[in-house]
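Working through the structure, step by step
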Amino acid sequence: MRMNQVWTGRSSATRMRVSVAGFVAFVLLTTPAFGQGEPAEAFVKQLRNAGYFDTAITYLDRVSKFPGVDPEFVSAIELEKAQTHIDAALRSRNSNDRDEAFTNAENALQSFLKKPSHPRAPEARLQLGKLQLFRASQFLAGEVDASARQSARDSYLAASKTFDGIVSDLRGKLEQLKGQSIDPKTDPEAAKRRDEYRFQYLQSQLNAADALKLAGKTAKDRKKDGKANLDEASKRFTELNKKYHKYAEGAVSLMHLGQIAEWLGQDAKAEENFLLMLEQPEADNLRDAKFLAAAGYARLKLKQSPPKYKEAIDRVSPWVREIRPNEKTAPSVQEFRLALAKAYLANAADEAVKRGEAGRATSEGRELLQDASKVPGSHLEEVRTLLADMGIDKNDAPKLPTAEPPKSFEDAIERAREVYVSTGEIDKGLKLLAKQDETPQLKQQKQSLEKQLVESYSVGSQVLRAGLVMVNKETDNETINQARFLLTYFLYQQRLHRDAVVTGSFLARHAPGAEMGLRGGLIALNAMQMLLTEVPEDQNDGLMRQLESLGNYLTKTWPNDPKAAEAQGIRIRLLLRKDDYDGAQALIDKMPAGRERGYFKRLLGQLLWNASVLAREAEDLEKSDLLAGKAIENLQQGLDELEGNADVEVMKAALVLAKIHQFQKNADKALTVLDHPKFGPAKLVETLGSPSETFTREFRKVELKALVGKMLKAADPSQSLDRMTTTMEALRQAFQGPDAQSELAAIYIRLANDIKEELELADPARQAKLIEAFRALLQRISDATDDQATNRWVGQTLMSMGETLMQPGQTKATGQALDLITQANRALQKLEDQDDVTTGYLVGRSHRLIGEYQPALNAIQKVLTANPNTLDAQFEGAQTYESWAADLKPTTGYKAYSAALKGGRPGADKKNTIWGWDAISQKTSRNPQFRDKFFESRYHVAYVLYRMGTLKKRKSELQQASKVINRVEALFPEMGGAKMKAKYQNLLKQVEKGLR
């Protein structure tokens, strides 16, 4: 025992240098007697276990000279040396000693493998491969430079080559066993050997591919410098999965394929493989890969724009409950925890998410990060950073001071009051610091004050707990209630919410009518609300009942106290969080008129509008309209009950109300809300400023649409020209960034359609007045800006107005319509983005409508060469041929009709770029989404056949046209609706007339 203590006190280096002779006494004291011969193998193992690595190496250098040593052991001395060096490296704390030991181990293994026929050669190759993998990972530890990356890559590639050697050797052995009939019952050893060979064969293939994958990962630019290795690894994993998907190695390949695709930026492919991995059967040897796949899936979902955190959480969060005790420290589980935590934090950061959901998401993310922070590994730095961002320092939890016990209850309450005052001063200091630009010195001050605050709350609660025990029958009740209130307050500030609920509820019920009772009850309600964000929804029924009971008690006990209304507010928020709008409405309506009720009316109104939008998307129009009506009522009442000056919350509520009015085509009401002197955004945005870029965009969109609506309804549309011009410029300024043009274009397209629809419904006199007003507006806007999206809208709106003046069935503009569309065509051709699909389509369409068919085909050809599946452009191309044919002589006209029917303008692949009506009708017939397009294109098939037959005076085309119409009627009796059916029937009459 004494000798053991002496050795333990020495350094590992000293232990490794002890001589064989000096160790014999230790061995004799700690090992049983052996039989004949030198117990070399057992002796070396004991040396290694005891940490005497230098002694083991010295012994192995001499053991071949000792009598009685097993010859098999002597033949594997280099392999034993390698294991000794590896054990020494793993125990060494010195990086230089560790690297030297690993190098010696690799050299020893390479030396041993010069005897490839040795029975332990497979074991040595496997050991070498694993060593090379491990060494590579060591090169990447800590600061990584180009040299370290190259060393790691070389080691990974060497490992892959080593595993390939094992695969080659085992393939031969398995081939030999193929022809043998091995019965596990009669020859268990052979069956066991075959299973071991197969396992090692598959494992080595997996390791070889993994080593290549990791070699590619070392590249700084994986898509460029690492691609060759990653592609080869992907090829191998694919083959492994294809051939051996029923084995663990084949199934696990899916996870590796997902990682490789992720590194190469092939996100869709990566997601597919991660999902396939997660769908594999439940098996212990697949769990590690499943955790990694779950982490990968979550990462990919967060990469998308906007981040699809909900999909990530829904798909992989159930795995949190599946983590087994023996898996809690696994690196794959930490990677999974980190990825899922980020998804929860993204959920919490989404402004559109309800407060309660955000709180629960924060709690889930924090718990995952805290669990991961307890396990050492490469993930720790990022985990600690995220926790620090949440205000949690995981390095060392601060030790709170222990309060000196009070001498009496009076002493306790006095000290607690001092703490209360001091914490108020500290809090004021923190608020002042928060308004200043942060510097290292300021940050240090804030941390110091925050620490003082936490310590003060702790001292205050400790003192009061001890002091309340000293209460006697002579103690004043009011002072006791004050002490209970202060204790509740301190507990709440310490985030000890359950304790605060207990003390606050007790105080409220034992001090009815007293101010301290109400204040304590309100803190208890707030604490319950915080607890509800931490407790899963399916487990909070009891807490909800408790909250409802206390809320009812407070409002009944203090019916005329404005603070008691706050209790009702907490209950309303919880009902709204559960989408119980009727319950919330009932509580709000019972509140006394004033600031609090106005706020909740506005909040409910906005949530009802959101619900109305969802109902409309679900095609429940009746429910949507009902909810929209309730939203308007609550928002208007909430705005009318505004007391004092409006703030950002009021401005946002008013914008929502204006948006609803605008959506319902009530432009005047929308503008009345926007321009309201007390709560209208048009005024408030000048005094309060815009709360966000999103708000500015939404405000200007609503304002512009409402102004367009007003112009369309006004007796004198020109009166709105000045404001329209100003609003258009403000809208353009609100949209900046790479997607600004496309977003503006989408808004303008909808506006152009609204104008066109209104013009189509107007009588000729009003139509002329509207066209003149909008034409003046468009000219003014065009002269004032070079913005491409705005100028495209100018051209598109001019064209829409021109088309409105054309008669049904007219394909070529005349008169004022020709003038407007010609002006539109010139405006569109001046745009810089002629390669844009929308621009190209509009240019081609405007050329066709004014009878410039060759330029129209050129523009459409350009669009379809780049985007052949653009259906609107395909329609335009076929219509251009059809319209052109009507202007040509019969011979050339027949060819143009043929191109309209069968397609034209062959591309580089000799296929028609413009499909023609026949192909369009075939392609659209398969998709219900294009039902209207199908009936329209099929009509044109019949019409063109009719025109071709008429030109050539041939009945064959006329018969085909009749057949097309009759077949449509037989298959679809409604023929695309009343309007379309009438067109078909009129055409059929003309066809039948030609056939007589």
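The model shown is predicted, which means the values in this text are computed figures rather than measured ones.

Reading guide: rules and limits
Residues numbered from 1 in each chain as written. Predicted model: local features only at pLDDT ≥ 70, side-chain atom pairs only at ≥ 80, totals over all residues. Heavy atoms only, no water. Helix = DSSP H or I, 4+ residues; strand = E, 2+ residues; numbered from the N terminus. Rg over C-alpha atoms; globule rule 2.2 N^0.38 Å. Buried < 20%, exposed > 50% of the residue type's maximum accessible area, 1.4 Å probe, protein only. Contact = heavy atoms within 4.5 Å. Phe/Tyr/Trp six-rings, centres within 6.5 Å; stacked < 30°, edge-to-face > 60°. Lys NZ or Arg CZ within 6 Å of the ring centre and 35° of its normal. Patch = residues over 30% accessible without salt bridge, like charges linked within 9 Å, V, L, I, M, F, W, Y side chains within 5 Å. Areas by Shrake-Rupley, 256 points an atom, 1.4 Å probe, with all protein chains shown as cover. Salt bridge = Lys/Arg side-chain N within 4 Å of Asp/Glu carboxyl O. Lys, Arg positive; Asp, Glu negative; His and termini not counted. Charge placed at Lys NZ, Arg CZ, Asp CG, Glu CD. Axes fitted to C-alpha atoms, helices over the stretch in contact; angles between N-to-C directions. Parallel < 35°, antiparallel > 145°, perpendicular 65-115°, else oblique. Left-handed = near helix turned anticlockwise from the far one by under 90°. Expected span 1.5 Å × (residues − 1). Core = buried A, V, L, I, M, F, W, Y, C linked by side-chain atoms within 4.5 Å. Arc of directions from axis to C-beta. pLDDT = per-residue confidence, 0-100.

1. Some words on the overall build of the protein
Within the protein, the regular secondary structure consists of 46 helices and two strands. Computed over the C-alpha atoms, the radius of gyration of the protein is 40 Å, more than 25% above the 30 Å expected from 2.2 N^0.38 for a compact globule of 996 residues. Taken along its principal axes, the extent of the C-alpha atoms in the protein is 120 × 100 × 55 Å. Looking at the protein as a whole, 46% of its 996 residues qualify as buried. The contacts of the protein with a sequence gap of at least 6 include a subset with a gap of at least 24, amounting to 62%.

2. So, the packing of aromatic side chains
Taken as a whole and assessed by the stated rule, the structure comprises 20 aromatic pairs. Geometrically, the ring pair formed by Tyr553 and Trp558 is edge-to-face, given 6.2 Å between the ring centres and 85° between the ring planes. Just as Tyr553 is buried, Trp558 falls in that class too. The rings of Tyr420, Tyr457, Phe485, Tyr489 and Phe490 are connected pair by pair, giving a single aromatic cluster. Cation over ring: Arg222 sits above Trp263, and NZ or CZ is 5.0 Å from the ring centre. The ring of Tyr894 has Lys952 sitting right over it, with the charged end atom 5.0 Å from the ring centre.

3. Some points on a negative patch on the surface
Negative charge collects at one region of the surface, where Asp183, Asp187, Glu189 and Glu196 lie side by side. In this structure, Asp187 sits in the loop between α10 (146-178) and α11 (188-217). Classification of Asp187 as partly exposed rests on a relative accessible area of 36%.

4. Concerning unusual backbone geometry
With an omega dihedral of -5°, the bond running from Ser305 to Pro306 counts as a cis peptide bond. Here Pro306 lies in the loop between α15 (287-303) and α16 (309-316). The backbone of Glu619 shows a phi angle near 65°, a positive value even though the residue is not glycine. A residue is classified by how much of its surface remains accessible, and Glu619, at 68% relative accessible area, is exposed. Of note in this structure, Met975 is not a glycine but carries a positive phi near 55°. For Met975, the position within the fold is in the loop between α45 (955-971) and α46 (978-995).

5. Considering the packing of helix α39 (residues 837-849) against helix α41 (residues 871-887)
For the pair α39 and α41, interaxial distance at closest approach is 10 Å and the crossing angle is 20°. Put simply, α39 runs roughly parallel to α41. By crossing handedness, the relation of α39 to α41 is classed as left-handed. Residue-level inspection shows Tyr841, Arg845 and Arg848 of α39 in contact with α41, the latter providing Asp872, Ala873, Glu876, Gln879, Thr880 and Ser883.

6. As for helix α21 (residues 440-468)
With 29 residues, α21 extends 42 Å from end C-alpha to end C-alpha; this agrees with the ideal 42 Å at 1.5 Å per step. When we look at burial in α21, the residues that qualify are Leu442, Leu449, Leu453, Ser456, Tyr457, Ser458, Gly460, Ser461, Val463, Leu464 and Gly467. Taken together, the buried residues of α21 touch α20 (409-434) and α22 (477-493).

7. What about the packing of helix α17 (residues 331-349) against helix α18 (residues 355-373)?
In helix packing, the relevant descriptors are the interaxial angle and the interaxial distance, both defined with respect to the helix axes. The contact between α17 and α18 brings their axes to 8 Å, and the two run at 160°. Regarding the angle of α17 to α18, the classification is roughly antiparallel. In the packing of α17 onto α18, the handedness of the crossing is left-handed. Between α17 and α18, the contacting residues are Gln334, Arg337, Leu338, Leu340, Ala341, Tyr344, Leu345, Asn347 and Ala348 on the first element and Glu357, Ala358, Ala361, Thr362, Glu364, Gly365, Leu368, Leu369, Asp371 and Ala372 on the second.

8. Some thoughts on the nonpolar core
Counting residues in hydrophobic clusters, the biggest one holds 125 residues, and the most contacted among them are Ile572, Phe774, Met801, Trp917 and Tyr984. Once you skip the residues sitting within four places of it in the chain, Tyr984 turns out to touch Phe935, Arg938, Tyr939, Ile965, Val968 and Met975. In terms of nonpolar packing, the next biggest core, distinct from the first, is built from 76 residues, Leu214, Ala295, Trp319 and Ile392 among them.

9. What to know about helix α43 (residues 917-924)
Looking at α43, one finds that the buried residues are Trp917, Ile920, Ser921 and Thr924. Buried residues of α43, seen end-on, are gathered within an arc of 95° and therefore sit on one face of the element. Those residues of α43 hidden inside the fold are in contact with α41, α42 (890-902) and α44 (931-952).

10. Regarding the environment of Leu230
By secondary structure assignment, the location of Leu230 is in helix α12 (residues 227-244). In the structure, Leu230 is positioned 33 residues away from Trp263 in sequence and 8.9 Å away in space, judged by C-alpha atoms. Once residues lying within four places of it in the same chain are set aside, the contact partners of Leu230 are Lys213, Gly216, Lys217, Arg222, Ile260, Trp263 and Leu264.

11. Quick look at the pattern of salt bridges
Scanning all chains against the criterion turns up 49 salt bridges. A salt bridge links Glu232 to Arg236; the nearest nitrogen and oxygen atoms lie 3.1 Å apart. Linking Glu232 with Arg236, this pair stays in helix α12, spanning four residues, or about one helical turn. The partly exposed category is assigned to Glu232, whose relative accessible area is 31%. With a relative accessible area of 25%, Arg236 lands in the partly exposed category. Taking the shortest distance from any N to any O, the salt bridge between Glu641 and Arg597 comes out at 2.5 Å. Residue Glu641 is located in the loop between α29 (621-640) and α30 (648-663), and its partner Arg597 is located in helix α28 (residues 595-617); the two are separated by 44 residues in the primary sequence. In terms of burial, Glu641 and Arg597 fall into one category: buried.

12. With respect to the environment of Ala524
Topologically, Ala524 is positioned in helix α24 (residues 515-534). Ala524 gets classed as buried once you look at its relative accessible area, which sits at 0%. Ala524 sits 25 residues away from Asp499 along the chain, and the two C-alpha atoms are 9.0 Å apart. Excluding its chain neighbours within four sequence positions, the residues that come into contact with Ala524 are Ala500, Val501, Gly504, Ser505 and Leu550.

13. Some thoughts on the side chain of Asn229
Looking at the element boundaries, Asn229 is found in helix α12. Discounting residues that sit within four places of it in the chain, Asn229 has contacts with Arg153, Leu157, Leu212, Ala215 and Gly216.

14. Structural notes on the confidence of the model for the protein
Counting all residues, the mean pLDDT for the protein is 82, and 90% of those residues have values of 70 or more. With pLDDT under 50 throughout, residues 1-37 is counted as low confidence; its partners more than four residues away or in other chains account for 36 contacts. Long-range and interchain partners of residues 394-398, a stretch whose pLDDT sits below 50, account for four contacts in this model, where long-range means more than four residues apart.

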